[in-house]
Amino acid sequence: MASVLGTRSSSAILASRPLSFPASNSKSAISSLSLNPGQNYGRRFYGGIGIEEKMGRALFAVTNVATEVNSVEQAQKRSKESQRPVYPFTAIVGQEEMKLCLLLNVIDPKIGGVMIMGDRGTGKSTTVRSLVDLLPVIKVVVGDPYNSDPEDPEAMGIEVRESVVKGEELSITFSKINMVDLPLGATEDRVCGTIDIEKALTEGVKAFEPGLLAKANRGILYVDEVNLLDDHLVDVLLDSAASGWNTVEREGISISHPARFILIGSGNPEEGELRPQLLDRFGMHAQVGTVRDAELRVKIVEERARFDKNPKEFRDSYKAEQAKLQQQIASARSSLPAVQIDHDLKVKISKVCAELNVDGLRGDIVSNRAAKALAALKGRDKVSAEDIATVIPNCLRHRLRKDPLESIDSGLLIIEKFYEVFS
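Residues numbered from 1 in each chain as written. Predicted model: local features only at pLDDT ≥ 70, side-chain atom pairs only at ≥ 80, totals over all residues. Heavy atoms only, no water.

Chemist: What exactly am I supposed to notice about the overall build of the chain here?
Modeler: Counting its regular elements, the chain contains 19 helices and 11 strands. Relative to its full complement of 423 residues, the chain shows a buried share of 52%. Counting every atom, the chain has about 19900 Å² of accessible surface; 52% of that belongs to carbon and sulfur. (Helix = DSSP H or I, 4+ residues; strand = E, 2+ residues; numbered from the N terminus. Buried < 20%, exposed > 50% of the residue type's maximum accessible area, 1.4 Å probe, protein only. Areas by Shrake-Rupley, 256 points an atom, 1.4 Å probe, with all protein chains shown as cover.)

So this is what it looks like as structure tokens:
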């Protein structure tokens, strides 16, 4: 996989600009809104949560989305053209550990996310944001601000679930998985959601305005410099990551909505350590180092210059590789349920965790899931010891107790214990 790391250039950062739709073509607007991750459309479709007189109102009209395929395709095209160009994932050189952890989480979101720690200027943010081109398509309910899954009641918002209970038909469309950026300066109201002031003033009703956690449901929540995040926001993330639900208590509004997301964080260890409670919520941990090879550094600089000079031409040169990797991810996601892992290998994984004094069972669970996802990525239906050896350091490294007198790296300690148990 040919790849290149870039500096933290503004051109590499994804920032979707909202699209404008003609007021007369409301159907077209509805069918295409779910295709724009950066657009806030919750206010338009969702109101009156927590108010008895509003709960009985049917929210979703029964429409035939299939007749609006052309409108959806046009909206997708305009959405891509309106976005800032993103550095191609397959163009990133080196950093294989970080890229593998990200891919495994896209294949199996239940792994629980990635914590990426490393030197500044090593392409952590660029790599994470480059994932947006590879994210698969999922089924969502049209107009729902929580990206509700029409087939899974546990991933539905309240009004969607009520519609299903009443036997109403839901309008369904396909949308790419969202990637939501959580800025360090975000307020708790913006993250969790709050009362809709506009509706309160204009219509005199209490309505809920969903926040970033609602938009990130069934998607990716990315926190750059996560170790600098305010403690009160860390508490919010801990609560949502633990339960998969976000509960909001605001000025007469009491609402819970699904908030199941892949949590991806990046940071520089020199700027401060992460709280152990939050660190344990990340399924995997990737360490990123600066490239030392002079020839490789020159190649990175040249490729970055090419991208900055003509982003479209540079992205086109990697289009075939991007499409190939996207197909590989889609194939791995579909074959993942059929992947098996022998009982003997499961016992050995748990033995490694026990002998390393790993607290809790998250290490065992994540190691099993990551090994199966890697086997699926390689196109196999059975996990091998080699798959486990590849992923187990990333699954356990951040779960070991810190020993200030320990001279050996925690990743090497895990590898030594793995070969001792598996031999």
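Chemist: Would you explain the packing of helix 5 (residues 96-107) against helix 15 (residues 319-335) in this entry?
Modeler: Helix-helix packing: each pair is described by the crossing angle between the helix axes and the interaxial distance. With their axes 9 Å apart at the nearest point, helix 5 and helix 15 run at an angle of 50° to one another. In terms of their interaxial angle, helix 5 and helix 15 are classed as oblique. Touching L103, V106 and I107 of helix 5 are L325, I329, A332 and R333, all from helix 15. (Axes fitted to C-alpha atoms, helices over the stretch in contact; angles between N-to-C directions. Parallel < 35°, antiparallel > 145°, perpendicular 65-115°, else oblique. Contact = heavy atoms within 4.5 Å.)

Chemist: Mind showing me how you'd approach the pairing of strand 8 (residues 245-250) here?
Modeler: Within a regular beta strand, the side chains point alternately toward one face of the sheet and then the other, so they alternate between its two faces. Residues of strand 8 alternate between two faces, with N246, V248 and R250 buried on one and W245, T247 and E249 left unburied on the opposite face. Judged from the 6 bridges that link them, strand 8 and strand 9 (residues 253-258) form a sheet pairing that is antiparallel. Directly across from W245, in strand 9, lies its bridge partner P258. Counting the residues in the hairpin turn of strand 8 and strand 9 gives 2 residues, including E251, whose phi is positive at 25°. (Pairing = 2+ DSSP bridges.)

Chemist: Which parts of the structure should I look at to understand the environment of I195?
Modeler: Here I195 shows up in strand 5 (residues 193-195). On the basis of relative accessibility, which here comes to 14%, the residue I195 falls in the buried class. Residues I195 and E249, 54 residues apart in the sequence, show an inter-C-alpha distance of 9.6 Å.

Chemist: What's the story with the pattern of salt bridges in this structure? I'm lost.
Modeler: Pairs can form between side chains of opposite charge once their charged atoms are near each other. Overall, the coordinates contain 18 salt bridges when judged by the stated rule. Of the charged contacts, one joins R397 and E97 as a salt bridge, the two residues approaching to 3.1 Å between their closest N and O atoms. You can see R397 sitting in the loop between helix 18 (385-396) and helix 19 (410-422) and its partner E97 sitting in helix 5, a full 300 residues away along the chain. Of the charged contacts in the structure, one is a salt bridge between E151 and K139, with a shortest N-O distance of 2.9 Å. Taken together, the positions of E151 in the loop between strand 2 (137-141) and helix 7 (158-165) and K139 in strand 2 put the pair 12 residues apart, joining distant regions of the chain. Within this structure, K312, D316 and K319 form a network of salt bridges that share partners. (Salt bridge = Lys/Arg side-chain N within 4 Å of Asp/Glu carboxyl O.)

Chemist: In this structure, what is going on with the packing of aromatic side chains? I would like to understand it.
Modeler: We describe a pair of aromatic rings using the distance from one ring centre to the other and the angle between the two ring planes. Evaluation of the coordinates by the stated rule reveals 6 aromatic pairs. A ring pair is formed by F307 and F314, whose centres lie 5.6 Å apart and whose planes are at 75°; its orientation type is edge-to-face. Here a set of aromatic residues connected by ring pairs shows up, and it is made of Y87, F307, F314 and Y318. (Phe/Tyr/Trp six-rings, centres within 6.5 Å; stacked < 30°, edge-to-face > 60°.)

Chemist: It is not clear to me how helix 18 should be interpreted in this structure. Could you clarify?
Modeler: The α-helix advances 3.6 residues per turn, and as a result positions three or four apart in sequence lie on the same side. Over its 12 residues, helix 18 extends 16 Å from the first C-alpha to the last, a length consistent with the 16 Å expected when each residue adds 1.5 Å. Most of helix 18 sits inside the fold, with 9 of its 12 residues counted as buried. Of all the residues in helix 18, the buried ones are D387, I388, A389, V391, I392, P393, N394, C395 and L396. At its buried positions, helix 18 is contacted by helix 5, strand 11 (284-288), helix 16 (343-355), helix 17 (362-377) and helix 19. (Expected span 1.5 Å × (residues − 1).)

Chemist: What is the right way to look at the sheet that holds strand 11 in this model?
Modeler: Two orientations exist for strands paired in a sheet by backbone hydrogen bonds: parallel and antiparallel. Strands sit in the order 4-7-10-1-11 across an open sheet of 5 strands; the sheet is parallel. Pairing within the sheet leaves two strands with one partner each, and these edge strands are strand 4 (179-181) and strand 11. With strand direction ignored, the average angle separating the axes of adjacent strands in the sheet is 20°. Pairing of strand 1 (residues 114-118) with strand 11, which is carried by 5 bridges, proceeds in the parallel orientation. Across the sheet, I116 pairs through a bridge with A286, a residue of strand 11. Strands in contact with helix 5 are strand 1, strand 10 (261-267) and strand 11; relative to strand 11, the strand with the most contacts, it is inclined by about 155°.

Chemist: What am I meant to see in helix 5 here?
Modeler: The terminal C-alpha atoms of helix 5 lie 16 Å apart, and with 12 residues this matches the ideal 16 Å at 1.5 Å per residue to within 8%. In terms of residue burial, helix 5 counts as a mostly covered element, since 10 of its 12 residues are buried. Here helix 5 has its buried residues at M98, K99, L100, C101, L102, L103, L104, N105, V106 and I107.

Chemist: Can you help me understand the pairing of strand 7 (residues 219-224) in this one?
Modeler: Counting buried positions over the 6 residues of strand 7 gives 6, a clear majority of the element. Pairing of strand 4 with strand 7, which is carried by 3 bridges, proceeds in the parallel orientation. By the bridge assignment, V180 is partnered in strand 7 with L221. Pairing analysis gives 6 bridges linking strand 7 to strand 10, with the strands arranged parallel. Bridge assignment links G219 to a residue of strand 10, and that residue is F261.

Chemist: Honestly, the packing of helix 17 against helix 18 in this entry has me stumped. Any pointers?
Modeler: Close contact between helix 17 and helix 18 brings their axes to 9 Å; oriented N to C, the two are set at 140°. One finds that helix 17 runs oblique with respect to helix 18. The two elements helix 17 and helix 18 meet at a crossing, and its hand is right-handed. Residues G363, V366, S367, A370, A371, L374 and A375 of helix 17 lie in contact with helix 18, whose contacting residues are D387, I388, T390, V391, I392, C395 and L396. Of the residues in the contact of helix 17 with helix 18, the class split is 10 nonpolar, 3 polar and 1 charged. (Left-handed = near helix turned anticlockwise from the far one by under 90°. Nonpolar A, V, L, I, M, F, W, Y, C, P; charged D, E, K, R; others polar.)

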